Amino acid sequence: MAKDRYDPVEYWEGLLSTDFTIAGVAHPYLPRSFNGAMYRAMERSVRQALSRRGLEPPLASVRVLDVGSGVGLWLAFWQRLGVSRLNGLDLTETATRRLSEGFPDVEVTQADIGSGEAPELGRFDVISVVNVLLHLTDDAAFATALRNLGALLAPGGMLIVIDPVVVARSWRPPAPEANSKARKLSEWRTALADAHLRLERVSPVTVILDSPADARFRRSFDLRQSLWQLICRVVYRRETLGAIVGATLYRIDTVLVRLSRTGPSSKCLVITTE
């Protein structure tokens with residue numbers, strides 16, 4: 001039974017060593033083109049979070065740390081925004097080595113944000129943590145990660161987290177071997193308070209471009225889950241079709257996000273120091 005349990009280092013080293021692409025850090029059974037549409041939705045949320053703070057590119061005076069850098073999608077994003085200093089941090093040796101080679105101007109550190117003390121990297125104005133903390137399925141590791149992130153955040157800085165936070169109710173039973181855990185918003189607030197951090201804003205990232213995380217009613221969740229499963233069957237490993245469907249759903253999703261208060265899928269959390 002122990003072998004069936006999720007081991008973060010083993011899991012991510014194995015995955016990234018065999019598929020160092022967007023599919024390796026997103027949905028491996030979906031085409032890269034469709035995964036790309038999902039990431040554009042995430043970028044849209046991050047840009048909006050920055051804009052609300054009055055941060056518009058080029059961000060020439062902004063120091064940024066990206067946690068869980070994976071294949072470097074967010075390092076490339078921050079480089080396009082022209083940040084003054086950019087650091088990456090990842091759990092795996094594979095990602096650290098490959099990113100150091102691919103981003104020679106970025107200091108990439110191998111460290112487990114959910115273990116021990118925060119690495120000595122200095123303080124950052126913005127820290128991005130995109131689809132990372134859900135993979136800390138151990139609650140103690142999750143709490144440690146938030147404390148470490150708080151230690152790395154400069155006073156007045158902004159922590160931008162994208163995670164499938166459960167605002168309403170989760171209808172998906174947890175599995176002990178799962179590699180992710182969607183936590184309730186109340187759990188986030190408690191852990192953030194313990195880390196001396198403050199949740200400033202929660203907003204939807206996507207409505208139909210990713211699997212549902214929560215819903216107020218079971219029937220609503222089941223309908224959204226059925227829609228997501230249909231989308232997956234239609235675009236399954238079909239790059240051209242994935243590009244067409246992804247682009248179409250992205251445009252629809254942009255409208256739905258504006259109309260949604262929190263959304264049924266991933267949320268963007270803006271977190272600040274107390």
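Okay, so let's go over this structure. Per chain, the residues get numbers from 1 upward, laid out in the order the sequence is written. Reporting of local features is limited, given that this is a predicted model, to residues whose pLDDT is at least 70; pairs of side-chain atoms are given and counted only at 80 or more, and all residues count toward the totals for whole chains, interfaces and linings. The basis for the side-chain values is all heavy atoms of the structure; hydrogens and waters are excluded.

### Looking at the overall build of the protein
For step 1, the next point in the chain: Strands are runs of DSSP state E lasting at least 2 residues, helices are runs of H or I lasting at least 4, and numbering of each runs from the N terminus. Within the protein, the secondary structure is distributed over nine helices and seven strands.
For step 2, the next point in the chain: Radius of gyration: C-alpha atoms only; globule rule: 2.2 Å multiplied by the number of residues to the exponent 0.38. For a compact globule of 274 residues, the expected C-alpha radius of gyration is about 19 Å, and the protein comes in at 18 Å, within 12% of that figure.
For step 3, the next point in the chain: Over its C-alpha atoms, taken along the principal directions, the protein stretches across nearly 50 × 45 × 40 Å.
For step 4, the next point in the chain: Relative to its 274 residues, the protein shows a buried fraction of 51%.
For step 5, the next point in the chain: The contact definition used throughout considers only heavy atoms, calling two residues in contact when any of these lie within 4.5 Å. For the protein, restricting intrachain contacts to residue pairs at least 6 apart in sequence, the fraction spanning at least 24 positions comes to 74%.
For step 6, the next point in the chain: Each accessible area is a Shrake-Rupley estimate made with a 1.4 Å probe; only the visible protein chains count as cover when residues are assessed. A total of about 13200 Å² of accessible surface is found on the protein, and carbon and sulfur atoms cover 52% of it.
For step 7, the next point in the chain: Distance between charge centroids for the protein: 10 Å, based on 34 positive and 30 negative side chains. Burial here depends on accessible area, computed with a 1.4 Å probe over protein chains only, as a share of the maximum for the residue type. Under 20% is buried, over 50% is exposed, and the range in between is partly exposed. When charges are counted, neither His nor the chain ends are considered; positive counts come from Lys and Arg and negative counts from Asp and Glu. We put the charge of a Lys on NZ, of an Arg on CZ, of an Asp on CG and of a Glu on CD.

### Notes on the layout of surface pockets
For step 1, the next point in the chain: Each pocket or cavity is described by its volume, and for the largest pocket that value is around 1200 Å³.
For step 2, the next point in the chain: Think of a 1 Å grid over the protein atoms and nothing else: a 1.4 Å probe that fits but is trapped marks a cavity, an open set flanked by protein within 12 Å on at least five of seven lines marks a pocket, and residues with an atom within 4 Å of a point count as lining. Forming the walls of the largest pocket are 45 residues, and the residues nearest its centre are Leu-134, Arg-172, Asn-179, Ser-180 and Lys-181.
For step 3, the next point in the chain: Breaking the lining of the largest pocket down by element, the ones donating at least two residues are α1 (8-18), α2 (22-25), α3 (32-52) and α8 (218-235).
For step 4, the next point in the chain: Looking at which element gives the most residues to the lining of the largest pocket, the answer is α8, with four residues.
For step 5, the next point in the chain: Here the residues of the lining of the largest pocket sort into 25 nonpolar, 13 polar and seven charged.
For step 6, the next point in the chain: Taken as a whole, the second largest pocket holds about 510 Å³ of empty space. Grid points are joined across faces, edges and corners, and a volume is the space filled by probe spheres set on the points. Amino acid classes used here: Ala, Val, Leu, Ile, Met, Phe, Trp, Tyr, Cys and Pro are nonpolar; Asp, Glu, Lys and Arg are charged; the rest, including Gly, are polar.

### Section: the environment of Leu-149
For step 1, the next point in the chain: Along the chain, Leu-149 turns up in helix α6 (residues 139-152).
For step 2, the next point in the chain: Considering only alpha carbons, one finds Leu-149 and Val-71, 78 residues apart in sequence, at a separation of 21 Å.
For step 3, the next point in the chain: When sequence neighbours within four positions are dropped, the list of residues in contact with Leu-149 reads Val-67, Ile-113, Ile-127, Val-129, Leu-133 and Leu-159.

### Quick look at the packing of α3 against helix α4 (residues 73-80)
For step 1, the next point in the chain: Lines fitted to C-alpha atoms define the axes, with helix axes restricted to the stretch in contact, and inter-axis angles between N-to-C directions lie between 0 and 180 degrees. The geometry of α3 relative to α4 is characterised by a closest axis approach of 12 Å and an angle of 45° between their N-to-C directions. What the angle tells us is that α3 and α4 run oblique. Note that α3 runs across α4; the crossing there is right-handed. Residues Tyr-39, Met-42, Glu-43, Val-46, Arg-47 and Leu-50 of α3 lie in contact with α4, whose contacting residues are Leu-73, Trp-74, Phe-77, Trp-78 and Arg-80.
For step 2, the next point in the chain: Of the residues contributing to the contact of α3 with α4, the split by class is eight nonpolar, no polar and three charged. Angular relationships are summarised with four words: roughly parallel below 35 degrees, roughly antiparallel beyond 145, roughly perpendicular across 65 to 115, and oblique for the angles in between. Working rule for handedness: look at the near helix, and if it is turned counterclockwise from the far one by less than a right angle, call the crossing left-handed; if clockwise, right-handed.

### What about the nonpolar core?
For step 1, the next point in the chain: We call a set of buried Ala, Val, Leu, Ile, Met, Phe, Trp, Tyr and Cys residues a nonpolar core when their side-chain atoms join them within 4.5 Å. The biggest cluster of nonpolar side chains holds 32 residues, and the ones touching the most others in it are Val-46, Leu-50, Trp-74, Trp-78, Val-126 and Ile-160.
For step 2, the next point in the chain: At the level of elements, α3, α4, α5 (93-102), β4 (124-130), β5 (153-163) and β7 (267-273) are the ones that each hand at least two residues to this core.
For step 3, the next point in the chain: The element contributing the most residues to this core is α3, with five residues.
For step 4, the next point in the chain: Those residues in contact with Trp-74 that lie beyond four places of it in its chain are Tyr-39, Met-42, Glu-43, Val-46, Asp-66 and Val-130.
For step 5, the next point in the chain: Counting 31 residues, the second largest nonpolar core, distinct from the first, contains Leu-133, Leu-149, Leu-159 and Trp-188.

### Points about empty space enclosed by the protein
For step 1, the next point in the chain: Under the defined criterion, the tally for this structure stands at one cavity of 30 Å³ or more.
For step 2, the next point in the chain: The computed volume of the largest cavity comes to approximately 40 Å³.
For step 3, the next point in the chain: Among the residues making up the lining of the largest cavity, the classes are represented as six nonpolar, two polar and one charged.

### Remarks on a nonpolar patch on the surface
For step 1, the next point in the chain: Where nonpolar side chains cluster on the molecular surface, the patch consists of Leu-227, Leu-230, Val-234, Leu-241 and Ile-244 and spans about 390 Å² of accessible area.
For step 2, the next point in the chain: Counting only elements with at least two residues in the nonpolar patch, the list comes to α8 and α9 (239-259).
For step 3, the next point in the chain: Per-element tally for the nonpolar patch: the top contributor is α8, with three residues.
For step 4, the next point in the chain: Looking at where Leu-227 falls in the secondary structure, it is placed in helix α8. Put simply, a patch holds well-exposed residues, over 30% relative accessible area, that have no salt bridge, with like charges counted together within 9 Å and Val, Leu, Ile, Met, Phe, Trp or Tyr side chains within 5 Å. We count a salt bridge whenever a side-chain nitrogen from Lys or Arg sits within 4 Å of a carboxyl oxygen from Asp or Glu.

### Topic: unusual backbone geometry
For step 1, the next point in the chain: A cis amide bond, omega 5°, links Pro-57 with the succeeding residue Pro-58.
For step 2, the next point in the chain: Unlike most non-glycine residues, His-196 shows phi in positive territory, near 60°.
For step 3, the next point in the chain: Its location among the elements puts His-196 in the loop between α7 (185-194) and β6 (197-204).
For step 4, the next point in the chain: Owing to a relative accessible area of 54%, His-196 belongs among the exposed residues under this scheme.
For step 5, the next point in the chain: One non-glycine residue, Arg-237, lies in positive phi territory at about 55°.
For step 6, the next point in the chain: Secondary-structure assignment places Arg-237 in the loop between α8 and α9.
For step 7, the next point in the chain: Relative accessible area serves as the criterion here: at 53%, Arg-237 is assigned to the exposed category.

Bear in mind that shape data such as this cannot, by itself, settle questions of function.
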